[in-house]
Amino acid sequence: MAGTAASPSRSRDLDKLLLRPGNLVGPTFEPGTELRDDLQEYARILVVGAGGLGCELLKDLALSGFKNLEVIDMDRIEVSNLNRQFLFRVEDVGKPKAEVAAKRVMERVSGVNIVPHFCRIEDKEIEFYNDFNIIVLGLDSIEARSYINSVACSFLEYDSDDKPREETIKPMVDGGTEGFKGHARVIVPGVTPCFECTIWLFPPQVKFPLCTLAETPRTAAHCIEYAHLIKWDEVHSGKAFDPDDPEHMKWVFSEAVKRAELFGIPGVTYSLTQGVVKNIIPAIASTNAIISAACALETLKIASGCSKTLSNYLTYNGVEGLHIKVTEFVKDKDCLVCGPGVLIELDTSVTLEKFINLLEEHPNLQLSKASVTYRGKNLYMQAPPVLEEMTRSNLSLPLYDLMDKVAKDVIHVTGTTGKNDKKTSCLRKLRVVFKGVDGVTDMDMAGGA
Amino acid sequence: MIKLFKVKEKQREIAENANGKTPVKKQSAGELRLHKDISELNLPKTCSITFPNGKDDLMNFEVSIRPDEGYYLGGTFVFTFQVSPIYPHEAPKVKCKTKVYHPNIDLEGNVCLNILREDWKPVLNINTIIYGLFHLFTQPNYEDPLNHEAAAVLRDNPKLFESNVRRAMAGGYVGQTFFIRCI
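Here is what the cut-offs are and how they apply
Residues numbered from 1 in each chain as written. Chains lettered and ligands numbered in written order. Predicted model: local features only at pLDDT ≥ 70, side-chain atom pairs only at ≥ 80, totals over all residues. Heavy atoms only, no water. Helix = DSSP H or I, 4+ residues; strand = E, 2+ residues; numbered from the N terminus. Buried < 20%, exposed > 50% of the residue type's maximum accessible area, 1.4 Å probe, protein only. Contact = heavy atoms within 4.5 Å. Areas by Shrake-Rupley, 256 points an atom, 1.4 Å probe, with all protein chains shown as cover. Pairing = 2+ DSSP bridges. Axes fitted to C-alpha atoms, helices over the stretch in contact; angles between N-to-C directions. Salt bridge = Lys/Arg side-chain N within 4 Å of Asp/Glu carboxyl O. Polar contact = N/O pair within 3.5 Å; in protein donor to acceptor, adjacent residues only side chain to side chain. Arc of directions from axis to C-beta.

Naming follows an unreviewed UniProt entry, where chain B appears as Ubiquitin-conjugating enzyme family protein of Melia azedarach.

An unreviewed UniProt entry lists chain A under the name NEDD8-activating enzyme E1 catalytic subunit-like protein, with Melia azedarach as the source organism.

Okay, structure coming up:
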């Protein structure tokens, strides 16, 4: 085999996947050393989260032959992380997770380059995320997943037949674990359901009625939530509770203990207090390892085509016995985040008022009384009166100007559709394209100026 | 997709020399759903809504309720709403800004309304919550107390409860607690 003496043994197992043809491969698979080398050179992967899953993911991806990795995480290492976040040591406590994780994997796996980003995911510009070919998620919150999903889907463009443009697709591989349970899923925006299409999969958080906490506590968790939600405000008027401040946590714990004694309820401990307040579910190292392995493999499959990918949602349950199931969820065709939306072509002179009237006449929409929002700016609101007044002056302005003179962009409208006499309210995504304006115009102007 | 990555990498190198586009604000799915809720608000005459941060921040707003019947007739009670980016998966956080003598609202402004916590469902909306809050003033309920003393008075001595509410709303002491005038 060609290459240095070390290379055959390093990638021997990988070579079996990448150098030989197979029957279960993806449609564009072209086995060979070029594929293997290109994967190392051109695949750029972002790992979001450097916690329990993130540590595993970085190690797995590095050992799968990926050489250009970056990792983003806003947290610092805590003592309680050390049992499963195996890249960290006691002396690392207090250091940024992303930086230590990157350093440790680079020390152990030669040739891999990992760039750490110690910041919030929202702190990065949207374009930062566009530099990666695949985004792998090792997160523990719905908010963060929803954010990354919306960013990845914002790169997606559709052609005039509402087919996703392949070069704009930003695949995501999402892992998640909770105790003995976990999931791994492949999100190919425009092709498979995005995070928002299936957000209903998440069970609602358990929340106790406040009056139960105040009046009739029955469990240790009730006592803790009483101290956290009611007693804290009573005593510290105006000061926000910070779950990451140990002093705050200790205060809540001691109040919870008093409360529990008063009602004769056993079981309030400091770790339970942390668990209830921060909604912590004990993490199991092997669940992380299993889910991460699945995610890393899917990442390799998406990049190389060496096998068809998971289609599209794997659930793992090790609570009683061991169950793994793959479910093929379907896209929500009207998804506000990944769906194509309704294509509308307009002249640059069309005013917002005219646009709203056009929506009513549009055969596919028939949307009356539309309120219009564009990238966080409310252009027109039908209600309540206070917002209607504030936005009314926009009605006579050209939509093109209100959309900052972009050639095309997505805009959202709310209104009522009146098909078959039955009025239903709806929220729709529209792809507005202005006639006679395209990306070239800007460059021309820049050149002429 | 590696072929595609390769092409993109080449493009990226070229693009790095040119300046990128200015970053644009992302609108979360929660914001969009809230936009729908707000644009469809159908408030009773007794309720009004304001947006302290202007027309482009719908995630933080205030609702004033002026009950037109019952113990709280004539008072004005302001509630703050904080809506999360994953709304409606999660209920808005609602607090009563006006200090009120009420069995289901404590002196810190915590509100015991089932649909704000244990019974929240994504099919509910801002309108439902506002009606729920309004209902608390027309039908205060001593069975789900947050203000224990107020609940006990309502249960045992409705006449005294009524005069306590009047006194609190006019601005004055009920027991050891001072209430600011809200009529």
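A count of helices and strands for chain A gives 16 helices and 13 strands. Projected onto its principal axes, the C-alpha coordinates of chain A cover approximately 75 × 65 × 50 Å. Counting every position in chain A, which comprises 449 residues, the buried fraction comes to 51%. When contacts within chain A are restricted to residue pairs at least 6 apart in sequence, long-range pairs at least 24 apart make up 62% of them. Counting every atom, chain A has about 21600 Å² of accessible surface; 53% of that belongs to carbon and sulfur.

Attention now moves to the pairing of strand E6 (residues 181-187) of chain A. All names here are of chain A. Burial of E6 is extensive: six of the seven residues sit out of reach of the surface. Two strands pair when backbone bridges link them, and strand E5 (residues 172-178) and E6 are joined in this way by seven bridges, in the antiparallel orientation. Along E6, the bridge assignment pairs threonine 177 with glycine 182. Linkage of E5 to E6, two consecutive antiparallel strands, is achieved through a turn of two residues, within which glycine 179 is found at a positive phi near 60°.

On to the sheet that holds strand E10 (residues 367-374) of chain A, then. Residue and element names in this part refer to chain A. The five strands are arranged E9-E13-E12-E10-E11 in an open sheet whose pairing can be described as mixed. A single partner strand is all that each edge strand has here, and the edge strands are strand E9 (342-346) and strand E11 (377-380). Neighbour-to-neighbour, the strand axes of this sheet turn through a mean angle of 35°, independent of strand direction. Here five bridges tie E10 to strand E12 (residues 408-417), and the two strands are oriented antiparallel to one another. For serine 371, the partnering residue across the bridge sits in E12 and is threonine 414.

Listed by partner, the interface residues are 45 residues for chain B and 67 residues for chain A. In this assembly, chain B and chain A are joined by one salt bridge. The salt bridge involving Asp233(A) is made with Lys95(B); its shortest N-O contact spans 2.6 Å. Applying the counting criterion to the chain B and chain A interface returns eight residue pairs in polar contact (both at pLDDT 80 or more). Of all the secondary structure elements, the ones that give two or more residues to the side of chain B that touches chain A are helix H1 (2-17) and helix H2 (29-39) of chain B. Looking at the side of chain B that touches chain A, the element that brings in the most residues is H1(B), giving nine residues.

Another aspect to go through is the pairing of strand E13 (residues 424-434) of chain A. Residue and element names in this part refer to chain A. The element E13 is extensively covered by neighbouring structure, given that eight of its 11 residues are classed as buried. The pairing of E9 with E13 spans five bridges and is parallel. For leucine 346, the partnering residue across the bridge sits in E13 and is phenylalanine 434. As defined by bridge partners, E12 adjoins E13 across 10 bridges and the pair is classed as antiparallel. The partner of aspartate 409 across the bridge, within E13, is valine 432.

Turning next to helix H3 (residues 33-42) of chain A. If you check which residues of H3(A) are buried, you get Leu35(A), Arg36(A), Asp38(A), Leu39(A) and Tyr42(A). One side of H3(A) carries all its buried residues, which in axial view fall inside an arc of 165°.

As a further point, take the pattern of salt bridges. Residues and elements named next belong to chain A. Tallied over the entire structure, the rule returns 30 salt bridges over all chains. For the salt bridge of lysine 408 with glutamate 157, the shortest nitrogen-to-oxygen distance reads 3.5 Å. With lysine 408 in strand E12 and glutamate 157 in the loop between helix H7 (142-154) and E5, this residue pair connects regions lying 251 residues apart in the sequence. Judged by its relative accessible area of 34%, glutamate 157 is partly exposed. Each member of the salt-bridge network shares a partner with another, and the members are Asp92, Lys95, Lys103, Arg104 and Glu107.

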